[in-house]
Amino acid sequence: MLKEDGFTHEAYLEMAVLISLCAVALAAGQCLHRLHIHWLPESGLTILIGFAFAMLESTTAQGRAEEHAQKERYFDPVFFNLILLPPIIFESGYHLNLTLFFANLRSITLFAVVGTLLATAFTWVAIYYAGEYGWTPTVLPIREAGAFAALISAVDPVATLATFGALKVDHELHCLVFGESVLNDAVSLILFSAISSSPPAFTPAILPSIGLDFVRVCVLSLFCGIGTALIAALAFRGLKMGRHGETPLTEVVLFWAFSYLSFVLPEVPHLAAIVSSLFAGVFMALYAAPNLSAIARRHLGFVLKSMAVFCDTLIFLLVGLALVLYVDNIDFKLAGVTILACLAGRVLQVFLLSAIVNRCRPRPLPLRFQAVMAHSGLRGAIA
């Protein structure tokens, strides 16, 4: 017998609404393809559907209490982090084009790590001094300005993957932006955690400790993901299920369990789950998947892709809902400064680092690639 009938009713209502909207968004996306409408990507249409529903619901809300209930109903950080995010990140690593990724690894690492640090520093300074000089009504302390800059300065892998997948861009360009987007999202989350947990009296003297904490989290998260993948490979090889192919369903479920473990396990010691899950996907594709039966491998790719598409759609619906339910008492000047700082930081980061990268690359990045990389600095659901 369930005790909290009210809570149970709200949970059922939330899931019914989200799944119904997801079905509408997926069907509408198919209509876009059928009508050959390329100027509006599926992700943008999904956001508009969520926005339209939130507008409709907000007009029927009666009072602040019901508006608060709507926010609590649709925005649960645990649901986002533990249910929606893991399938997207793992599937991205599992289906990663390893040849292109490792061929561009130095460039990706430079853009992801150094580029994110540059963009964060630029946005941090702009936001902090905009408040100090009275350009914005909201004055953020230096630590809060840094945490906000770290959170907003990374390319969003969910938005980037959805948009680039719809447009079918050049494979090398897709690999560069995708690799950067996934790695620098982890970089930004680690920076956010390090800055927000620093002492209130923030001084430049503690920057080396933030840097050490950043390196520690990155390295340990990487080893956590690789370790999970190797354990999965040994488990499948020891069980020998792939040789007989009698239980493909069990193989797929067990594989999924290891993929989920690679995300939740590093969260226990407060490491970067995104880094761990991404590299677990890469190494499980290399070492665990070959130990599966042929039928299990065929079904596995389809299952992982289906889960990622479903979670993608739900996330963009939540972004559309947030445009209405969470937009309240906006400091438009601070928002304007932040947008300009993000755009300027992205342009500075891409063109400056491209000039450095082109000195070492056998095939320099053309100017059109650099322009698209600068333009693809999307902020979205992760932030």
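Treat the numbers as computed from the prediction; the structure is a model and nothing was measured.

What am I meant to see in helix H4 (residues 77–94) here?
Owing to its 3.6 residues per turn, the α-helix aligns residues three or four sequence positions apart on the same side. The end-to-end C-alpha separation of H4 is 25 Å, in line with the 26 Å expected for 18 residues at 1.5 Å each. The largest bend along H4 measures about 45° and falls at Leu-85, with the proline Pro-86 one to four residues further on.

Is there a simple way to explain unusual backbone geometry in this structure?
Unlike most non-glycine residues, His-270 shows phi in positive territory, near 60°. Note that His-270 resides in the loop between helix H12 (248–264) and helix H13 (273–288).

What exactly am I supposed to notice about a nonpolar patch on the surface here?
Taken together, the side chains of Val-114, Leu-118, Phe-122, Leu-348, Leu-352 and Ile-356 present a nonpolar region at the surface, about 470 Å² in accessible area. Elements represented by at least two residues in the nonpolar patch include exactly helix H6 (105–132) and helix H15 (332–357).

Can you help me understand the pattern of salt bridges in this one?
Pairs can form between side chains of opposite charge once their charged atoms are near each other. Within the structure shown, the criterion is met by 5 salt bridges. Between Glu-91 and Lys-305 there is a salt bridge, with the nearest N and O atoms lying 3.5 Å from each other. In this pair, Glu-91 is assigned in helix H4 and Lys-305 in helix H14 (residues 294–325), connecting sequence segments 214 residues apart. Exposure remark for Glu-91: the relative accessible area of 7% places this residue in the buried category. Of the residues examined, Lys-305 reaches a relative accessible area of 44% and is grouped as partly exposed. A salt bridge links Glu-144 to Arg-143; its shortest N-O distance comes to 3.9 Å. Judged by its relative accessible area of 35%, Glu-144 falls in the partly exposed class. What emerges from the salt-bridge pattern is a single network uniting Glu-172, Arg-361 and Arg-363.

Explain H12 here, please?
Taking 1.5 Å per residue, 17 residues should reach 24 Å; H12 reaches 25 Å between its end C-alpha atoms and fits that length. Three or more residues of H12 are buried, namely Pro-248, Glu-251, Val-252, Phe-255, Phe-258, Ser-259, Ser-262 and Phe-263. Angularly, the buried residues of H12 cover 150° about the axis, an arc narrow enough to put them on a single face.

Looking at this model, I keep getting lost on the side chain of Ser-354. Mind explaining?
Relative to the helices and strands, Ser-354 is located in helix H15. You can call Ser-354 buried: its relative accessible area is 0%. Here the side chain of Ser-354 touches Val-350 through a polar contact of 2.6 Å, landing on its backbone oxygen. In contact with Ser-354, not counting residues within four places along its chain, are Phe-111, Leu-365 and Gln-370.

I keep staring at the nonpolar core and nothing clicks. Help me out?
Most often, soluble globular proteins keep nonpolar side chains buried together rather than apart. Formed by 89 residues in total, the largest nonpolar core has its most connected members in Leu-84, Phe-255, Met-284 and Met-373. When neighbours within four sequence positions are excluded, Met-373 is seen to be in contact with Phe-111, Leu-173, Leu-176, Val-177, Glu-180, Arg-346, Val-350 and Leu-365.

Conventions we followed
- Residue numbers here run from 1 along each chain, matching the order of that chain's written sequence.
- Residues qualify for local features only when their pLDDT is at least 70, as the model is predicted, and side-chain atom pairs are given and counted only at 80 or more; totals for whole chains, interfaces and linings, by contrast, use all residues.
- The basis for every side-chain value is the complete set of non-hydrogen atoms in the structure, without hydrogens or water.
- Helical segments are the DSSP runs of H or I of at least four residues, strand segments are the runs of E of at least two, and each set is numbered from the N terminus.
- In this scheme, a helix's expected span is set at 1.5 Å multiplied by one less than its residue total.
- For a residue, the bend is simply the angle between two axes, fitted respectively to the seven-residue segment ending there and the seven-residue segment starting there.
- Nonpolar side chains (Val, Leu, Ile, Met, Phe, Trp, Tyr) are joined into patches within 5 Å and like charges within 9 Å, using only residues with over 30% relative accessible area and no salt bridge.
- Computed by Shrake-Rupley with a 1.4 Å probe, the accessible areas treat only the displayed protein chains as cover when residues are assessed.
- By convention in these notes, a salt bridge is any Lys or Arg side-chain nitrogen within 4 Å of a carboxyl oxygen on Asp or Glu.
- Exposure is judged per residue with a 1.4 Å probe applied to protein chains only, and the accessible area is read against the type maximum: over 50% gives exposed, under 20% gives buried, and values in between give partly exposed.
- In this description, one arc is meant: the one made by directions from the helix axis to the C-beta atoms.
- The definition of a polar contact used here is a pair of N or O atoms within 3.5 Å, where within protein one atom must be able to donate a hydrogen and the other to accept one, and adjacent residues in sequence count solely through side-chain atom pairs.
- Contacts between residues were defined by any pair of non-hydrogen atoms, one from each residue, lying within 4.5 Å.
- Definition of nonpolar core: a set of buried residues of the types Ala, Val, Leu, Ile, Met, Phe, Trp, Tyr and Cys, connected through side-chain atoms within 4.5 Å.

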